[in-house]
Amino acid sequence: MGSITLKNVKKSFGGVTVIPDISLDIEDGQFVVFVGPSGCGKSTLLRLIAGLEDVSDGMIAIDGEDMTKTAPAQRKLSMVFQSYALYPHMSVRGNIAFPLKMEKAPKEKIDAAVNNAASILNLTDYLDRKPRQLSGGQRQRVAIGRAIVRQPKAFLFDEPLSNLDAALRVAMRLEISELHNKLKTTMVYVTHDQVEAMTMADKIVVLNAGRIEQYGSPLELYQRPANKFVAGFIGSPKMNFVEGAEAQKHGAHSIGVRPEHLTVSRGPGTWSGVVKVSEHLGSDTFLHVDVEGAGTMTTRTSGDVAFKHGETVGLTPVEGRVYRFDAQGMAV
Amino acid sequence: MATAQTQTAARFMMAPAVLLLLAWMIIPLSMTLYFSFQRYNLLMPGMEYFTGFDNYRYFFANPNFWAALTNTLVLVGGVLAITLIGGTLLALLLDQPMFGQGIVRLLVIAPFFVMPTVSALVWKNMLMHPVNGFFAWLARVFGFQPIDWFAQFPMFSIIMIVAWQWLPFATLILLTALQSLDEEQREAAGMDGAGPLSLFFYIILPHIARALTVVMLIQTIFLLSIFAEILVTTNGGPGVATTNLTFLIYMQSLLQFDVGLASAGGIVAVILANIVAIFLLRIVGKNLEA
Amino acid sequence: MARAISTRRKIGFTILAWGIGLVIFFPILWTFLTSFKPEGQAIAIPPRFFDFDWTLANYETVQSRSNYFRHFSNSVISAVGSTLLGLLIAIPAAWAMAFSPTKRTKDVLMWMLSTKMLPAVGVLVPIYLIFRDLRLLDTHLGIIVVLTMINLPIIIWMLFTYFKEIPVDILEAARMDGASLRQEVVHVLTPMAVPGIASTLLLNIILAWNEAFWTLNLTTTNAAPLTAFIASYSSPEGLFWAKLSAASMMAIAPILIMGWFSQKQLVRGLTFGAVK
């Protein structure tokens, strides 16, 4: 069991308010990702849940029990840090066993739990090494192993993959997702990378300036962004925004079209423009097109489409895929 | 990591250190300040009375004070000049590739670990003795009159001894600073056509400038209160030729038992040291933020 | 990376550096050699370098005739005692400042450092009088207290710079793993801080061992450490150089060896972390 409830949580450091007022329900067993640009308060929020920081005001409950004033050690949560935070003076075995030692578990239980965690995470051959003798990916796995042996109510991940190279990041992403499928424990995961958020989450919390912009499943966020910020933050390449006359045609202050929802034609389209750069990724081609009166628009087309620099092309949005926003940036 | 719990714990853990240091600083210092306004001699107990600034007036009027002040400045300045210049050159040399670098380093830093009374006695007797000393023998070998160091050049002799003790300190710290110089920066300067001299003045010297300042300030703090070396070699003499402020105050307090006068001198010494300390603290403080 | 250098240049530097190194080291070497000479050969002109009658007699005399061992143990008691006492007070303080800093932490650190810069002579009189009244003159306790107080700022600073290098993440990880404050300090912080604590200990013993203002002024016989014992050799009559050398060697050898092992920490400790 591991539901987490935040009620009117506020946090300020000195005079600076980082989180003005957040309420949030995380259901048991869900994989929830906090995502947002750096400085949006997502790590602070995680640390408040962990108990590493005091809330300035509000309430945090785990499994319905008020934990606001409880020390981190008593909250029965596990955390995986960005820096892994392994104990350098202990072997891999010592690291993984540490939480159980702290609760004075019997030795046989510790051994069994460590061996089990090691086999799940492919660390069996490394149990007697020190953290510094391991690669980045292995260290990450040790940190996860240390988190799972306690059978916590929930896992907290603080940007755990940002120190890994791109290929390893993809692999570890899959491993963490698999782990969640296997353990079915609540996971709260902080990242600034919207791809990680989209691929891993059951539900995403998009944060901006300490406020929740939207809370929903990845597809909800993609298909029905609540506002311009979420629309721009979720999806890659970014959504194209157009303001002014073109937007007014749709009865909105501004409109947005995702690159994948723009069809490119050699003839005239809804808009026409000049190709500035075309990026070939093999599977896709990104065209950056200068459109008069609308600025640069990015399109995503199939890989075999060949447009050259300087060519004039037409751009037409897919029917029903134009997002409309009012003057406050809220979806209409 | 700032929860109310940890901060309360932190305050309790700091309390002993802070309170002890506070007591250590405030109690004796305020006593010194109080005594400095008293006519107070240990040989005449019960005769203490308030004299205002008389002690300070006597202290400044005493020609020995000015001699001691000059001696202090000469001693500090002389040692600083030798150790900073020598230390830089030595650090540059030790930074070069050579055989047995580690051992040379050990040889060079060794004097720093010798207790002041030992180095003073060894130098005074075995090296600088006018008849049987090693230097006297060297002088004769090269056909010179041996020098009676402590009679002819008392201050210079003390400067030599103290510089010998502190040269390793300067060298070690400057060498550490030198070794943190980015090799690529040196190579880039080389590519830009810098010769050894311009390399030194434009790249190396600015890089070790801060270390040089730190060495200078720390040494100044310690050198202002040189005591043991004077006590065991010249006892401040001949006359007051090697009496520095510390030694003068020592004589007034523990030899002449004039607590009031010595205290006034102590306050003067504190003020002098504070002037240096302010600069040092500023540099260290800047580093704390980085 | 490697600078291209010719072997000839390297040999040149080697000769120059060794030459200078030996000149600087010479007084110590000379003391070492002299300590093994009979008194007559110790003052011989021309000096005898190696061709003398090696003897251990000086060491024996120094030990039997002058309470060498008492002064040696006084030095050990005051240096080790003050260092341990200092660590006891400093470890919690440095811990607090490194891991739970407040806005005032920096000011507190700077203030502590500033007490170190107070010239000893400025407080000599009151300390002497207080010690006289408390009967602490010429006692171990008195010397330990003074040495602890004058070195406490350095101990706190060194520990602070070492603790600062321990990532806060790791302590937080321990907290998340269910460790209490005590368990956190015992199982995580202390093992990680051992190298730092050890070098702080070493540097402090060196500083306390060689301290020669307070030890000379506050002790006479009972608690007099080696600094004061050696100073008693300065009496003008007689040239007992061999014995002086033997006594000196015994006084400096332990510290010299410790110092050689702690070169790197020394730089950091003595510059308050300003040069690393």
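Each value, and the rule that gives it
- Residues numbered from 1 in each chain as written.
- Chains lettered and ligands numbered in written order.
- Predicted model: local features only at pLDDT ≥ 70, side-chain atom pairs only at ≥ 80, totals over all residues.
- Heavy atoms only, no water.
- UniProt positions renumbered as here; feature names shortened; annotations may be inferred.
- Helix = DSSP H or I, 4+ residues; strand = E, 2+ residues; numbered from the N terminus.
- Contact = heavy atoms within 4.5 Å.
- Areas by Shrake-Rupley, 256 points an atom, 1.4 Å probe, with all protein chains shown as cover.
- Lys, Arg positive; Asp, Glu negative; His and termini not counted.
- Charge placed at Lys NZ, Arg CZ, Asp CG, Glu CD.
- Buried area = accessible area lost by both parts, 1.4 Å probe.
- Polar contact = N/O pair within 3.5 Å; in protein donor to acceptor, adjacent residues only side chain to side chain.
- Nonpolar A, V, L, I, M, F, W, Y, C, P; charged D, E, K, R; others polar.
- Domains from an automatic or database assignment.
- Pairing = 2+ DSSP bridges.
- Buried < 20%, exposed > 50% of the residue type's maximum accessible area, 1.4 Å probe, protein only.
- Phe/Tyr/Trp six-rings, centres within 6.5 Å; stacked < 30°, edge-to-face > 60°.
- Axes fitted to C-alpha atoms, helices over the stretch in contact; angles between N-to-C directions.

As recorded in an unreviewed UniProt entry, chain C goes by the name Sorbitol/mannitol transport system permease protein, listed as coming from Pelagibacterium luteolum. Recorded in UniProt for chain C, the comment headed Sequence similarities (unreviewed entry) runs: "Belongs to the binding-protein-dependent transport system permease family." Regarding chain C, the relevant UniProt record gives this comment under Subcellular location (unreviewed entry): "Cell membrane".

In its Subcellular location (unreviewed entry) section, the UniProt record describing chain A reads: "Cell inner membrane". Recorded under Sequence similarities (unreviewed entry), the UniProt text for chain A is reproduced unchanged: "Belongs to the ABC transporter superfamily."

The number of helices and strands found in chain C is 13 helices and zero strands. Starting at the N terminus and walking to the C terminus, you meet the elements of chain C as α-α-α-α-α-α-α-α-α-α-α-α-α. Seen through its C-alpha atoms, chain C measures out along the principal axes to roughly 70 × 70 × 35 Å. Long-range pairs, those at least 24 residues apart, make up 76% of the contacts in chain C between residues at least 6 apart in sequence. Element-wise, carbon and sulfur atoms account for 67% of the exposed surface of chain C, whose accessible area totals about 10,900 Å². In chain C, the 21 positive side-chain charges and the 14 negative ones have mean positions that sit 7 Å from each other.

Listed per partner, the contact involves 107 residues of chain C and 102 residues of chain B. Summed over both sides, the interface between chain C and chain B buries roughly 9,500 Å², with carbon and sulfur atoms accounting for 80% of that surface. Our count for the contact surface shared by chain C and chain B stands at seven residue pairs in polar contact (both at pLDDT 80 or more). A total of 19 residues in the side of chain C that touches chain B trace back to one element, the largest contributor, which is helix H1 (residues 7-34) of chain C. When its residues are assigned to classes, the side of chain C that touches chain B shows 79 nonpolar, 19 polar and nine charged.

A common way to express how large an interface is: the accessible area buried when the components associate. Residues and elements named next belong to chain A. Annotation of chain A at the domain level lists domain 1 (4-227) and domain 2 (237-325). Relative placement of domain 1 and domain 2: their C-alpha centres are 38 Å apart. Together, the buried faces of domain 1 and domain 2 total about 430 Å²; carbon and sulfur atoms form 51% of this surface. Together, Tyr222, Gln223 and Pro225 form the three largest contributors to the area buried by domain 1 at its contact with domain 2, with a combined 85%. At the junction of domain 1 with domain 2, the criterion picks out four residue pairs in polar contact (both at pLDDT 80 or more). A per-class count over the side of domain 1 that touches domain 2 returns three nonpolar, two polar and no charged.

Moving on, we come to the pairing of strand E16 (residues 295-302) of chain A. Of the strand pairs in this sheet, strand E15 (residues 284-291) of chain A and E16(A) are connected by eight bridges, and their pairing is antiparallel. Bridge assignment links A:Val291 to a residue of E16(A), and that residue is A:Gly295.

Below, the discussion takes up the side chain of A:Gln214. Residue and element names in this part refer to chain A. Tracing the sequence through the fold places Gln214 in strand E10 (residues 211-216). Within the structure, the side chain of Gln214 is placed 2.8 Å from the backbone nitrogen of Ala226, a separation counted as a polar contact. Other than its neighbours up to four places away in sequence, Gln214 contacts Ile204, Val205, Val206, Glu220, Leu221, Arg224, Pro225, Ala226 and Val230.

It is worth spelling out the environment of C:Trp241 at this point. Its location among the elements puts C:Trp241 in helix H12 (residues 241-261). Assessed through its relative accessible area of 3%, C:Trp241 is described here as buried. Dropping the residues within four chain positions of it, C:Trp241 is found in contact with B:Asn125, B:Met126, B:His129, B:Asn132, B:Gly133, C:Thr34, C:Glu39, C:Ala42 and C:Ile43.

Next up on the list: the UniProt feature "transmembrane region" (unreviewed entry) in chain C. All names here are of chain C. Residues given the UniProt feature "transmembrane region" (unreviewed entry) here are residues 12-33, 76-96, 108-131, 143-163, 184-209 and 240-261. With 100% helix and 0% strand, the stretch residues 143-163 has end C-alpha atoms that lie 29 Å from each other. As annotated, residues 184-209 comprises 100% helix and 0% strand, and the C-alpha atoms at either end are separated by 34 Å.

Turning to helix H4 (residues 101-109) of chain B, its buried residues are B:Val104, B:Arg105, B:Leu107, B:Val108 and B:Ile109. At its buried positions, H4(B) is contacted by helix H3 (63-94) and helix H8 (154-179) of chain B together with H1, H12 and helix H13 (263-270) of chain C.

Once that is clear, we can look at the packing of aromatic side chains. Applying the stated criterion across every chain yields a total of 49 aromatic pairs over all chains. Relative to A:Tyr189, the ring of A:Phe157 lies with its centre 5.5 Å away and its plane at 40°, an arrangement referred to as tilted. Separated by 32 residues along the polypeptide, A:Phe157 in strand E7 (residues 154-158) and A:Tyr189 in strand E8 (residues 186-191) bring together distant segments of the chain. Across the pair, exposure class does not vary: A:Phe157 and A:Tyr189 are buried alike. Judged by centre distance (5.4 Å) and plane angle (20°), the ring pair of C:Phe26 and C:Trp30 falls under stacked. Highlighted residues: C:Phe26 and C:Trp30, both in helix H1, separated by four residues, approximately one helical turn. With respect to class, C:Phe26 is no different from C:Trp30; both count as buried. Among the aromatic side chains, those forming a connected cluster through ring pairs are B:Trp24, B:Phe227, B:Phe247, B:Tyr250, C:Phe213 and C:Trp214.

Glancing now at the environment of A:Ser272. Residues and elements named next belong to chain A. Summarising the element assignment, Ser272 is placed in strand E14 (residues 271-280). A residue is classified by how much of its surface remains accessible, and Ser272, at 40% relative accessible area, is partly exposed. Residues contacting Ser272, with those up to four places away along its chain left out, are Asp290, Val291, Glu292, Val313 and Gly314.

Moving on: the sheet that holds E15(A). All names here are of chain A. What the five strands build is an open sheet, ordered E13-E17-E14-E15-E16; its pairing is antiparallel. The two strands at the open ends of the sheet, each matched to only one other strand, are strand E13 (262-265) and E16. Adjacent strand axes in the sheet meet at a mean angle of 45°, parallel and antiparallel pairs treated alike. Alignment of E13 against strand E17 (residues 312-317), held across four bridges, turns out to be antiparallel.

Take the UniProt feature "domain: ABC transporter" (unreviewed entry) in chain A next. UniProt's entry tags residues 4-234 of chain A with the feature "domain: ABC transporter" (unreviewed entry), counted in the numbering of this structure. Counting secondary structure, residues 4-234 of chain A comes out at 36% helix and 26% strand; the distance between its end C-alpha atoms is 25 Å.

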